[in-house]
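Observations on the three-dimensional arrangement
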Amino acid sequence: METRRQGPVATVGSRSSLSSLSAAGTSHRPSMNLIVPATSYSSSEEEDFYDANEYSDTPSSTTSPTIGLRPFVEPPSVEDSPENSAGQEQASSSVNKSRVSGTAAPPPVRDDGSLDYDALYEDESDHELDGLENHGSVVSHLISQVKIGMDLTKVVLPTFILERRSLLEMYADYFAHPDIFISIADFPDPKERMVQVVRWYMSAYHAGRKSTVAKKPYNPIIGEIFKCHWDIPGIPADSSSLVTDGPVPWCTRNQLTFVAEQVSHHPPISAFYAEHYNKRISFCAHVWTKSKFLGLSIGVHNIGQGCISVLDYDEEYIVTFPNGYGRSILTVPWIELGGSVTITCAKTGYSANVEFLTKPFYGGKKNRITTEVFQPNDKKPFLSITGEWNGRMEAKWADGRTEPFVDVNKIHVVKKKVRPIAEQTENESRKLWKEVTAGLRMKDIDRATNAKFALEQKQRDEAKDRKERGLKWETTMFQEAGENWVYKNPLIMRISPKNKPSNPH
């Protein structure tokens, strides 16, 4: 069976306990309680593998399709669960082509005239939903089928709202500022390390928005993998020092490496891991979601946590994730983050409370964020931060000093590097979804829909075969440890305290 139900998550990764934790599947510290709604995207236990589907422009009341709505939010690690037959997934060419207006820019081609799939993924031009308001009747029909608070396993979205990448690739955007992340390990004082953790976390969300219109990434299929890495500004890669036992074995000790895997279908859990060998720092996380229809919005509660491990100080910083909201879904949808998250270090006692503030109905600003950072056992913060998570944030210290904390519009976004599709394995994200991406980029919705259907049908067939043979899905790079998902071969298990690099810079 592939059915897994995750309860409250626990912490993982300390030097003293990770080996036994990974082996025994137990945890050494409970995490904070998470409040989630009663309804969920993953409530269906059917072996369904649907994402956005097509449907008639004028469905009748007796044949209206069931829906499998994924929200316009990130990071939405959710799986759609429509109950309609596979035959309902593919719409007629005339219907598909009527849904996307405008003319696509010329697709990238190689010298031999073939389509350059790698360039399709690297193309970050913002092709908005042309004439989105023209699709209002489509969205209105969908909304008419749901009630406030309803489980969203029953709603289907059209293919044209998909973003051109997998959710697994979207998680890599947490490290768009790899220099900020790895520099956590450079600060000798625990107070300074905590402040740098907060700085990285608060700057980690803006890069995920590739479009001003909210779109939805592809639902990863079970077993899907995404790998990438970053060169760190100011630090040479040093090609002679490959980390062959790391998550990206063709990378070096001075590069930040990242790997993600879709480890479960019910609930749809994504796990991801990043490490920098020479800085001796890593990050491991898992995420899944519960969702509700809220009327003119969609709310998504992210379940899970991440763990920053700073090996030289034997410290773990446990972070949780904000909720996401898709607003204005009848017109031009946009993303909003909301809710309280925490950052805690059990060893040092430092902690932070981060509030993502939703926009008031009347007036107010979007994307507001406030943070309070506390020393051990203190009730008053030594640092308060206010601003916008996609803009400028200001720091106010307990002694009254104020100064800029971080301005994400003025710091460099480091572009991740991905191995060419021709060199990828069959289950890597960009190779799996390349035909869907090509169809969306060229506004050939028939091509995108048919490619997605074929991919999901293959997954359904394989799941049916495993069920008939009584086989359980086996993950590749992550394993369950208590109620967490942990990377099987993390940096902490491959480097002993005595093997500290002589030149970490």
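Predicted, not measured: the structure shown is a model, and the values here were computed from it.

1. Some remarks on the overall build of the protein chain
Assigned secondary structure in the protein chain consists of eleven helices and 17 strands. Of all intrachain contacts in the protein chain linking residues separated by at least 6 positions in sequence, the fraction that spans at least 24 positions is 67%. Surface exposure of the protein chain reaches about 20300 Å², of which carbon and sulfur atoms provide 52%.

2. Structural notes on the nonpolar core
Judged by nonpolar contacts, the single largest core of 62 residues is most densely connected at F175, F181, W200, F258 and I308. In terms of residues, this core owes the most to one element, helix α7 (residues 190-202), which gives seven residues. Setting aside its immediate chain neighbours within four residues, F258 contacts L168, Y171, A172, F175, F226, K227, C228, W230, V248, F272, Y273 and A274. Core analysis: the second largest hydrophobic core is formed by 19 residues, V259, Y273, I303 and L491 among them.

3. A few points about the pairing of strand β8 (residues 315-319)
Taken across its five residues, β8 has five buried, putting it largely inside the fold. Residues E315, Y317 and V319 line one face of β8 and the alternating positions E316 and I318 line the opposite face, and both faces are buried. As paired strands, strand β7 (residues 298-310) and β8 are joined by five bridges and run antiparallel to one another. Bridge pairing in β8 places G306 opposite V319. Linking two consecutive strands that pair antiparallel, namely β7 and β8, is a turn of four residues; a positive phi of about 50 degrees is found at D314 within it. With two bridges connecting them, β8 and strand β10 (residues 334-344) associate as antiparallel partners. Bridge pairing links V319 to I343 in β10.

4. Description of the packing of aromatic side chains
Any aromatic ring pair is given by two values, namely how distant the centres are and how the planes are angled relative to each other. Counted under the stated rule, the structure contains 23 aromatic pairs. Ring geometry for W200 versus Y201: centroids 6.5 Å apart, planes at 70 degrees, classification edge-to-face. Of note, K191 hangs over the ring of F382, and the distance from its end group to the ring centre comes to 4.6 Å. Sitting over the ring of Y117, K434 keeps its end group 4.7 Å from the ring centre.

5. Some details on the environment of P249
Tracing the backbone shows P249 in the loop between β3 (225-231) and β4 (255-264). Judged by relative accessible area, which is 30%, P249 ranks as partly exposed. The residues touching P249, leaving out its near neighbours within four places in the chain, are L242, V243 and T244.

6. Examining helix α9 (residues 434-441)
Most of α9 sits out of view: six of its eight residues are buried. By the burial criterion, the buried members of α9 are V436, T437, A438, G439, L440 and R441. Phi for K443, located one or two positions after α9, is positive at around 60 degrees.

7. Comments concerning the packing of α9 against helix α10 (residues 445-469)
Here α9 crosses α10 at 160 degrees, and the two axes come no closer than 7 Å. As far as their axial angle goes, α10 and α9 are roughly antiparallel. The two elements α9 and α10 cross, and the hand of that crossing is left-handed. Across from E435, V436, A438, G439 and L440 in α9, the residues of α10 making contact are I445, R447, A448, A451 and K452. Residue classes in the contact of α9 with α10 are distributed as six nonpolar, one polar and three charged.

Definitions and cut-offs
- Residues numbered from 1 in each chain as written.
- Predicted model: local features only at pLDDT ≥ 70, side-chain atom pairs only at ≥ 80, totals over all residues.
- Heavy atoms only, no water.
- Helix = DSSP H or I, 4+ residues; strand = E, 2+ residues; numbered from the N terminus.
- Contact = heavy atoms within 4.5 Å.
- Areas by Shrake-Rupley, 256 points an atom, 1.4 Å probe, with all protein chains shown as cover.
- Core = buried A, V, L, I, M, F, W, Y, C linked by side-chain atoms within 4.5 Å.
- Buried < 20%, exposed > 50% of the residue type's maximum accessible area, 1.4 Å probe, protein only.
- Pairing = 2+ DSSP bridges.
- Phe/Tyr/Trp six-rings, centres within 6.5 Å; stacked < 30°, edge-to-face > 60°.
- Lys NZ or Arg CZ within 6 Å of the ring centre and 35° of its normal.
- Axes fitted to C-alpha atoms, helices over the stretch in contact; angles between N-to-C directions.
- Parallel < 35°, antiparallel > 145°, perpendicular 65-115°, else oblique.
- Left-handed = near helix turned anticlockwise from the far one by under 90°.
- Nonpolar A, V, L, I, M, F, W, Y, C, P; charged D, E, K, R; others polar.

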